[in-house]
Amino acid sequence: MGAPYGAGGSEVSGAAKRGRVLFMASQPYFSWRGSPIRLGFDVRAISENGYDVDFLTLPIGEDREIPGVRIVRAPNLFRAKKISIGPSPLKLAFDAIMFAQAFLMACRKDYDIFHGVEDCGPAALILAGIRGAKAVFEKHSDSGSYKSGALISMYNRMEKFVVRNADAVIGTGPGLAERASRLNRYGAAYHISDIPSSLAEPDAEGTAAASRELRQGGPGEIIATYVGSFAVYQGMDLLFASIPKAVSKCPNLRIVIIGSGDAEIERRKSEMAAAGCADKVSFIGTRDPDILPCYLAASDILLSPRIAGMNTPLKLLDYLKVSRAIAATDNQANRFILDESTAVLTPPDPDSFAAGVAALAADPALREKKAESCRRLVDEKYNFNVFKASLAKCYSDVLTREKK
C-alpha cells in the first residue's frame, strides 16, 4: 500500500524534498461522511510529513482546526447550507469559484504540488501546468455508481483526462487504482486505503453509556447497527427490505441506523411502520467519529448492505476496529477487506441478507468467531501510520519524477 499499483513498497527517504501544497476539495469540511473524514486525515498526514499545507474547501461544514494546516474556505455566494454527494450543478458552480480562488492563491505563493480531490482534479492539473508544479489527483468513488445523465457523462470525460495526465493518481480502493494505472501516462497510480474514521478507541464508560441508549428493549436485545449515508450505492433499499424479514426470524433483534438525512429518515420510518416493525428500528442520527467507536462496540452485529462501488466502504474499517461480527453483501467493494473469516457474506438480495443477519443474531459463538480476526487487519494495514507513510511515498515519487 502506497507503492504504485502492482509494485512493492519502499521506505521514504529522510532526504525527500519538502515543499508547499495546495490541497483542494469541494467537499463540506467537516461533515460526518466518508470523503470529508478522509480529507482531514489527508491534510494532517501531509503536514506531518513536513509540507506547508493550504486546504481550500467549501464554505459548508463544521469548523475544525487541523494542526499545521491553514484552512481556506470559498465564499458562499449561493448561501448553500448543504451539498449532495457526487457531481451536481451546485458543486460545479463552487468548483468554478474555487478554481478562481486557487488561481489567486497560486499567484501569491509558489506551490510545489496541487492536490485535487474528485471534481477539483481539473483545477489541480491546470494550475500545476500554469505554475510548473506537480498535480496529484485523488479519486474516492466510482462515478459509475452515480445515476447516468449529461452531467455525469461530462464529468466522466473530464475525469478520464485528469487521470491520464496527472503526475500521480491516488485511489482509495484497489479497483480505482488499477483502472488509473492503466490510463495514467506515467503508470503512477497509488492505492492508499482509507483508515477508520477516528483515531479514538472505545472506552468502557462510553461503551456502557452507548449500550444503555441502544438497548431499548432490555439487556437481552441483539443490536445490529448500520453506519453511513443513505446514498443508493450503500444498498439502503436492500437493507430496509430485509429488516422485516430479519426481525421475524429473530424477535429480540433491534436494528440501529446511524446516519443523517431527515427526509430520508422520515420516509424509512413510514416504511417500517407499514411493515409492522417500527418498534424494532432506531434512527439515532449521526454520532461524532470520536464517539462512534463506543456505539459500534456496544453493538452485536454491524451491517454493510452495499450494492455498488470500487472502493472500500469506510464503515468497514470502523467495524473491524471494534472487533464485532459483520453481515455484508458479497460484492467487490466489501470483498476488498472482508472474507468469510470476518463476516457473513450474503448474496445482495433482501431474503439472503436477512438470513445472514438472523444467523448471526441467533448464534453468539458464530459472532465471536467472526470477530476474532477483525482488529488484526487494522493493526497491520489500516491505520494512520501506514496511511501517512503511503502519502509520503507518493509525494516523494512525484517530486523526484522529471517534469512533463
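Residue numbers here run from 1 along each chain, matching the order of that chain's written sequence. It should be noted that, the model being predicted, local features are given only for residues of pLDDT at least 70 and side-chain atom pairs only at 80 or more, the latter also being counted only at that level, while totals for whole chains, interfaces and linings use all residues. To obtain the side-chain values, all non-hydrogen atoms of the structure were included, while hydrogens and water were left out.

1. Thoughts on the overall build of the chain
Next up, step 1: Put simply, DSSP marks the helices as runs of H or I at least four residues long and the strands as runs of E at least two long, and each gets a number from the N terminus on. The number of helices and strands found in the chain is 15 helices and 13 strands.
Next up, step 2: Over its C-alpha atoms, taken along the principal directions, the chain stretches across nearly 65 × 45 × 40 Å.
Next up, step 3: In the chain, buried positions account for 58% of the 404 residues.
Next up, step 4: The contacts in the chain between residues at least 6 apart in sequence include a share of 70% that link residues at least 24 apart.
Next up, step 5: Entry remark: accessible area of the chain is about 16,400 Å², with carbon and sulfur atoms responsible for 52%.
Next up, step 6: His is not counted here, nor are the chain ends, while Lys and Arg score as positive and Asp and Glu score as negative. By convention, charge coordinates are those of NZ in Lys, CZ in Arg, CG in Asp, or CD in Glu. With 51 positive and 46 negative side-chain charges, the chain shows a separation of 5 Å between the mean positions of the two kinds. A 1.4 Å probe rolled over the protein chains alone gives each residue an accessible area, and that area as a share of the maximum for its type sets the label: buried under 20%, exposed over 50%, partly exposed in between. Note on contacts: a residue pair is in contact if any heavy atoms of the two residues lie within 4.5 Å. Accessible surface area values rest on a Shrake-Rupley calculation with a 1.4 Å probe, where residue burial reflects the displayed protein chains alone.

2. Focus: the pattern of salt bridges
Next up, step 1: When a carboxyl oxygen of Asp or Glu lies within 4 Å of a side-chain nitrogen of Lys or Arg, that pair is called a salt bridge. According to the stated counting rule, one finds 29 salt bridges in the structure shown.
Next up, step 2: One salt bridge connects R38 with D194, and the closest N-O pair in it is separated by 2.9 Å. Taken together, the positions of R38 in helix α1 (residues 34–48) and D194 in the loop between β7 (189–191) and α6 (204–214) put the pair 156 residues apart, joining distant regions of the chain.
Next up, step 3: For R38, a relative accessible area of 3% gives the class buried.
Next up, step 4: For R64, the salt bridge goes to E62, with nearest N and O atoms at 3.0 Å.
Next up, step 5: E62 gets classed as partly exposed once you look at its relative accessible area, which sits at 41%.
Next up, step 6: A single salt-bridge network, built from bridges that share partners, covers D237, E264, R267, R268 and E271.

3. Let's talk about the packing of aromatic side chains
Next up, step 1: Stacked, tilted and edge-to-face are the three classes assigned to paired rings of Phe, Tyr and Trp, where Trp is represented by its six-membered ring and a pair needs centres within 6.5 Å; plane angles under 30 degrees give stacked, over 60 edge-to-face, the rest tilted. Inspection of every chain in the model, using the stated rule, returns 9 aromatic pairs.
Next up, step 2: Where F41 meets F384, the ring centres are 6.1 Å apart and the plane angle is 50°; that geometry is what we call tilted. Taken together, the positions of F41 in helix α1 and F384 in helix α15 (residues 384–400) put the pair 343 residues apart, joining distant regions of the chain. An identical accessibility class is assigned to F41 and F384; each is buried.

4. What about the packing of α1 against α15?
Next up, step 1: Relative to each other, α1 and α15 sit at 65°, their axes nearing to 9 Å. Comparing their axes, α15 and α1 come out roughly perpendicular. Pair α1 / α15 crosses with right-handed handedness. Taking contact as the criterion, the partners of R38, F41, D42, R44, A45, I46 and E48 in α1 are, on α15, F384, F387, K388, L391 and Y395.
Next up, step 2: Partitioned by chemical class, the residues of the contact of α1 with α15 number 7 nonpolar, no polar and 5 charged. Here the axes come from fitting lines to C-alpha atoms, over the contacting stretch only for helices, and the angles between their N-to-C directions go from 0 to 180 degrees. Orientation is classified from the angle alone, with under 35 degrees giving roughly parallel, over 145 giving roughly antiparallel, 65 to 115 giving roughly perpendicular, and any other angle giving oblique. Helix crossings get a hand from a simple test, with the near helix turned counterclockwise from the far one by less than a right angle marking a left-handed crossing and a clockwise turn marking a right-handed one. Only Asp, Glu, Lys and Arg are considered charged, only Ala, Val, Leu, Ile, Met, Phe, Trp, Tyr, Cys and Pro nonpolar, and every remaining residue, Gly among them, polar.

5. A few points about the environment of M272
Next up, step 1: With respect to the element layout, M272 can be found in helix α8 (residues 262–274).
Next up, step 2: M272 sits in the buried class, given a relative accessible area of 3%.
Next up, step 3: Taking the C-alpha atoms as reference points, M272 and F99, separated by 173 residues in sequence, lie 45 Å from one another.

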